[in-house]
Amino acid sequence: MSSSVFIVGAGFAGSVVARELADAGWNVRLVDKRPHIGGNAFDEFDAHGVLVHRYGPHIFHTNSVRVLEFLSKFTNWRPYEHRVRGVIDGRAYPFPINRDTLNELYGLDLNEEGAAAFYEKVRDPRDPVRTSEDVVLNSVGRDLYEKFFLNYTRKQWGLEPSQLKAGVAARIPTRTNTDDRYFTDTFQSMPAEGYTRMFERMLDHPNIKVELGTDFVEVRGKPDLGHVVYTGPIDAYFDHCFGALPYRSLRFEHEHLPNVAQLQSVGTINYPNDHAYTRITEFKHLTGQLHAGTSIVREYPQAEGDPYYPIPSDDSEALFKRYQTLADGQTDVTFVGRLAEYRYYNMDQVVAGALAAARRLIDARA
Ligand code: FAD
Ligand code: UDP
């Protein structure tokens, strides 16, 4: 008898598990409450014909050969290295902070050793490095912290950097060289025809049945669902029995600018100290699309709304642990993905986790 599985969520976590199990001969029913596949990586052509990411800019980067090989079955790639600049007092500087940032900001002419010596002089050593404030002060000191990090972080999370775990700010490196790429992974490329097209191919399998606009709450408890793979928020699965886990949300303000071929010099401009939004991304940089106009998105952080980011703080981690204990006791449910595992994962990390989860399920049935 073939195995069957019921998957909640058609983002990376749910779709990767779906395909792996379908390839192994399982019958897969995949539901998403949204009217589309792809989860937060969903992209679409806007009313002006520009390919945009509905839920904010998604740039693919990975060091994992396994993840790359899996995804490459469903897409070709367009090489793209993301670049970001941060605006301080009306001027845009390379970000993450590198040697050029220091030289331009302070009117210096540092070489690599000079930049290392500069950080050594201005840094505010912290031991232990526990919070995001510690991370930044420890590496670049107070002035750069206040210019680039403090207000951006307050805006993005509604918290002080001292309330956030070290891992949040540790996503951003500090450089003594002039590398102005946002990421340094060995593989940095965008799906050639977009994320949605890649998901369509991933889910195009005779063993996979996709039902969109279907909320798990409508079907849970029905007999014969089989094993459940759940990729939504973990607290919602347990009816928020310990209280709601905090997730940070965003409001996306999309805009098309006709007859502006290029608005920004780089894909994303960050605004740590101005505006209610954190950053503006211009999609044509990411996709390489040619168009007479351009489409951008501004991201406004907010507490209410769709859950986009788990909040890495001591309090939320403690609450998550209580839900995780419940989850560990569910033999007929697998929790996987950014919301279900309450982890600030990038796309490739979610794919790696989903491949591993599918393997465990297959092995358990073998
Ligand atoms: P999701 O994509 O959130 O998918 C979960 C799905 O479950 C959703 O479609 C949801 O509708 C569905 N669902 C939830 N509850 C239910 C229910 N009760 N019933 C039915 N369906 C349900 N990563 C990168 O690697 N690079 C980037 O540049 C990058 N940029 C990002 C920018 C933003 C603004 C955000 C928010 C994230 C970004 N990420 C980026 C992270 C990336 O989005 C995630 O790692 C990845 O999409 C998570 O996939 P997932 O399947 O775990 O979750
Ligand atoms: N950050 C900051 N200033 C910036 C960019 C990032 O202070 O100009 C901090 C902020 O706390 C942010 C974190 O670094 O949440 C991680 O940034 P990243 O760009 O990785 O965030 P994401 O793309 O996941 O929203």
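Now for a look at the structure at hand. (Residues numbered from 1 in each chain as written. Chains lettered and ligands numbered in written order. Predicted model: local features only at pLDDT ≥ 70, side-chain atom pairs only at ≥ 80, totals over all residues. Heavy atoms only, no water.)

This next bit is on the overall build of the protein chain. A tally of helices and strands in the protein chain yields 12 helices and 17 strands. Here the protein chain has a C-alpha radius of gyration of 22 Å; the compact-globule value for 366 residues is 21 Å, and the two agree. Once the C-alpha set of the protein chain is aligned to its principal axes, its extents read approximately 70 × 50 × 35 Å. Buried residues in the protein chain amount to 56% of all 366 residues. (Helix = DSSP H or I, 4+ residues; strand = E, 2+ residues; numbered from the N terminus. Rg over C-alpha atoms; globule rule 2.2 N^0.38 Å. Buried < 20%, exposed > 50% of the residue type's maximum accessible area, 1.4 Å probe, protein only.)

Let us look at the site of ligand 2. In the neighbourhood of ligand 2, 15 residues make up the surrounding shell, with Trp157, Arg171, Tyr182, Tyr309 and Tyr344 lying closest. One of the side-chain nitrogen or oxygen atoms of Trp157 is found 2.8 Å away from an oxygen atom of ligand 2. Take Tyr182: an N or O atom from its side chain is 2.5 Å from an oxygen atom of ligand 2. Relative to its unbound accessible surface of 530 Å², ligand 2 loses 93% to contact with the protein. When residues of the shell around ligand 2 are assigned to their parent elements, the largest contribution, six residues, is made by helix H5 (residues 132-157). A breakdown of the residues in the shell around ligand 2 according to their chemical character gives 10 nonpolar, three polar and two charged. (Near = heavy atom within 4 Å. Polar contact = N/O pair within 3.5 Å; in protein donor to acceptor, adjacent residues only side chain to side chain. Areas by Shrake-Rupley, 256 points an atom, 1.4 Å probe, with all protein chains shown as cover. Nonpolar A, V, L, I, M, F, W, Y, C, P; charged D, E, K, R; others polar.)

Residues Phe12 and Leu71 are the most contacted members of the largest nonpolar core, which totals 105 residues. With 10 residues, H5 is the single largest residue contributor to this core. What Leu71 contacts, discounting residues up to four positions off in sequence, is Phe12, Phe60, Trp77, Met198, Met202 and Val351. Membership of the second largest hydrophobic core comes to nine residues, among which are Leu257, Ile269, Ile296 and Tyr300. (Core = buried A, V, L, I, M, F, W, Y, C linked by side-chain atoms within 4.5 Å. Contact = heavy atoms within 4.5 Å.)

Overall, the coordinates contain 28 salt bridges when judged by the stated rule. Here Arg85 makes a salt bridge to Glu104, at a shortest N to O gap of 3.8 Å. On the criterion of sequence distance, the pair formed by Arg85 in strand E7 (residues 84-88) and Glu104 in helix H3 (residues 99-106) is long-range, its members being 19 residues apart. Through salt bridges with shared partners, a single ionic network connects Arg251, Glu253, Glu255 and Arg298. (Salt bridge = Lys/Arg side-chain N within 4 Å of Asp/Glu carboxyl O.)

On to the environment of Ala115. Assignment of secondary structure puts Ala115 in helix H4 (residues 112-122). It is 8.3 Å that separates the C-alpha atoms of Ala115 and Asn98, two residues lying 17 residues apart in sequence. Residues in contact with Ala115, not counting those within four places in the same chain, are Arg99, Leu102, Leu110 and Thr176.

In this section: the site of ligand 1. The environment of ligand 1 is made up of 31 residues, and the closest members are Asp32, His58, Ile59, Tyr345 and Met347. His58 is positioned such that a nitrogen or oxygen atom in its side chain is 2.7 Å from an oxygen atom of ligand 1. Within the backbone of Met347, one N or O atom sits 2.7 Å away from an oxygen atom of ligand 1. Coverage of ligand 1 by the protein chains reaches 95% of its 1,000 Å² of free accessible surface.

Further remarks concern the packing of H4 against H5. Running from N to C, H4 and H5 point in directions that differ by 75°, and their axes come no closer than 6 Å. Considered as vectors, H4 and H5 are oriented roughly perpendicular to each other. For the pair H4 and H5, contact is made by Phe118, Tyr119 and Val122 and by Ser139, Val140, Gly141, Arg142 and Leu144, respectively. Grouping the amino acids of the contact of H4 with H5 by side-chain chemistry returns five nonpolar, two polar and one charged. (Axes fitted to C-alpha atoms, helices over the stretch in contact; angles between N-to-C directions. Parallel < 35°, antiparallel > 145°, perpendicular 65-115°, else oblique.)

This part covers the layout of surface pockets. For the second largest pocket, the calculated volume is near 190 Å³. Among the secondary structure elements, those contributing two or more residues to the lining of the second largest pocket are strand E17 (333-335) and helix H12 (347-365). The element contributing the most residues to the lining of the second largest pocket is H12, with four residues. Here the lining of the second largest pocket is composed, by residue class, of five nonpolar, five polar and two charged. (1 Å grid on protein atoms, 1.4 Å probe; cavity = no way out; pocket = protein on both sides within 12 Å on 5 of 7 lines; lining within 4 Å. Points joined across faces, edges and corners; volume = space filled by probe spheres on them.)

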